[in-house]
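What follows is the residue order along each chain.
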Amino acid sequence: MKRQQKARHRRAFAVADRRCQPADARGKPRLWRAILPRQRPGERKGRHDTPSGTRRRSPDSPRLYEVYGCWPEEVAEDATAVFSVIHPDDIEAVQQSIRESAATLGPWRATYRIQHPQQEQLWLEGSATPSRQDDGSTVWHGYIRDVTELKKYEQELEFTAFYDPLTGIPNRRLLGDRMSQAIAHALRSGEALAICLLDLDNFKPINDTLGHEAGDRVLIEIARRLSGLLRAEDSVARLGGDEFVLLLRNPEGESVFQRVLDDLRAPIDLEGSEVRVSASLGVAMLNHEAPCDGDQLLRLADQAAYRAKSAGRDRYRVVTAGGQSGFPTGRNTATQAR
């Protein structure tokens, strides 16, 4: 069964190299004039354009339409129709790989997207071996297969690894990578860096009275609002439960922390039921004189959030690595003013 499934996905093909001659009288490109899927996997005959212009072609195959959305007769003169459906971001890499394979007679391999006219975007994977002909032309024999489902699976795995499945924002793992990058940049540039841990106030009663589905919708809305407050260089992540983290590069004073709290207080509509939440926000500022890593800053932010909650909730507390309370002064502040 597995062998039959693989056979259905494989596409043998031949590509003819016109040795980079200029376009013909009609302006059609002479390079890569034919890419034709084979009737059967492993079939070695193929379309072949020679420098003299004579052609030999393999049997017409409906698989060309299945893969590229164009019929064999459409590429009888040139392969423009085939290359026109390759994704714009991939076309140059595909063409370059063919040129390099032709020049070195090395194996051709490529993975690229096509915009099929009757289907969704497809991912294709191709592999072929070139051979130089007596007349100076080049023919590739190999296969092209549809790897769209494999790519989707890889994307799902990547999303699961780095993003929170409920809210769609980065998770702790991706946050760790971004904190490391932000700390390195801040230390090089002298800019301020704030790690903000946000703990929702009175979230548990929402779950208890309205149910976990309502609680999930509140978390999704909070994530949306936090994302909307950020600049391109900032990041938001969900640690789990009702805890979120903001990574703010060069924040413009403490007013930004108050804006976060103000935005979260706005009522949330749950299909007729209106709920309100607030948050306790702990902010840890990077100390350029005593740098630390992301985990240490996150622990400081957690401690500051606990102080904010103990002081009455719906407020923020700022600490700087090294023990200083409040927004930092000195080098970081000077950098902000610039």
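Residues numbered from 1 in each chain as written. Predicted model: local features only at pLDDT ≥ 70, side-chain atom pairs only at ≥ 80, totals over all residues. Heavy atoms only, no water.

The name recorded for the chain in an unreviewed UniProt entry is Sensor domain-containing diguanylate cyclase, from Halomonas mongoliensis.

**Focus on the overall build of the chain**
In terms of helices and strands, the chain carries 11 helices and 15 strands. Within the chain, the proportion of its 338 residues that are buried is 47%. Total accessible area on the chain is roughly 17,400 Å²; 48% of this is exposed by carbon and sulfur atoms. (Helix = DSSP H or I, 4+ residues; strand = E, 2+ residues; numbered from the N terminus. Buried < 20%, exposed > 50% of the residue type's maximum accessible area, 1.4 Å probe, protein only. Areas by Shrake-Rupley, 256 points an atom, 1.4 Å probe, with all protein chains shown as cover.)

**Digging into the pairing of strand E10 (residues 243-249)**
Counted residue by residue, E10 has five buried out of seven residues, so it is predominantly covered. Across seven bridges, the pairing between strand E8 (residues 193-201) and E10 is antiparallel. Note that in E10 the partner of Ile195 across the bridge is Leu247. As paired strands, strand E9 (residues 235-240) and E10 are joined by five bridges and run antiparallel to one another. What sits directly across from Ala237, in E10, is Val245. Counting the residues that bridge the hairpin from E9 to E10 gives two residues, and of these Gly241 lies at a positive phi of roughly 60 degrees. (Pairing = 2+ DSSP bridges.)

**Digging into the pattern of salt bridges**
Pairs can form between side chains of opposite charge once their charged atoms are near each other. Counted by the stated rule, this structure contains 17 salt bridges. Glu125 serves as the salt-bridge partner of Arg145, at 2.7 Å between the closest nitrogen and oxygen. Here Arg145 is found in strand E7 (residues 138-146), whereas its partner Glu125 is found in strand E6 (residues 121-132), with 20 residues between them in sequence. What makes Glu125 partly exposed here is its relative accessible area of 22%. Lys151 serves as the salt-bridge partner of Glu154, at 3.7 Å between the closest nitrogen and oxygen. With Glu154 and Lys151 both in helix H5 (residues 148-162) and three residues apart, this pair spans about one turn of that helix. Classification of Glu154 as partly exposed rests on a relative accessible area of 39%. One salt-bridge network, in which partners are shared between bridges, spans Asp199, Asp201 and Lys309. (Salt bridge = Lys/Arg side-chain N within 4 Å of Asp/Glu carboxyl O.)

**Focus on helix H4 (residues 91-104)**
Compared with an ideal rise of 1.5 Å per residue, which puts 14 residues at 20 Å, H4 spans 20 Å between its outermost C-alpha atoms and is within 8% of the ideal. The complete set of buried residues in H4 reads Ile91, Val94, Gln95, Ser97, Ile98, Ser101 and Ala102. Mapping the buried residues of H4 onto a view down its axis gives an arc of 160 degrees, with all of them on the same face. Opposite the packed face of H4, turned more than 90 degrees from it, sit the exposed residues Ala93, Ala103 and Thr104. (Expected span 1.5 Å × (residues − 1). Arc of directions from axis to C-beta.)

**Here's the deal with the packing of aromatic side chains**
One pass over the structure, following the stated rule, counts two aromatic pairs. Ring centres 5.2 Å apart and planes at 10 degrees place the aromatic pair Phe159 and Tyr163 in the stacked group. We classify Tyr163 as partly exposed; its relative accessible area is 26%. Sitting over the ring of Trp123, Lys151 keeps its end group 4.7 Å from the ring centre. (Phe/Tyr/Trp six-rings, centres within 6.5 Å; stacked < 30°, edge-to-face > 60°. Lys NZ or Arg CZ within 6 Å of the ring centre and 35° of its normal.)

**Comments concerning the nonpolar core**
Soluble, globular proteins show a tendency: their nonpolar side chains are buried together. Among the nonpolar cores identified, the biggest contains 34 residues, and Leu198, Val218, Ile222, Leu226, Phe244 and Phe257 are the most heavily contacted of them. Listing elements by their share of this core, those giving two or more residues are E8, helix H8 (212-229), E10, helix H9 (255-264), strand E11 (268-270), strand E13 (278-285) and strand E14 (316-320). The element that contributes the greatest number of residues to this core is H8, accounting for six residues. The contact partners of Val218, leaving out residues within four places of it in the chain, are Phe203, Ile206, Ile268, Leu270, Val275 and Val277. Core analysis: the next-biggest nonpolar cluster, separate from the first, contains 22 residues, Ala186, Leu197, Ala237 and Leu247 among them. (Core = buried A, V, L, I, M, F, W, Y, C linked by side-chain atoms within 4.5 Å. Contact = heavy atoms within 4.5 Å.)

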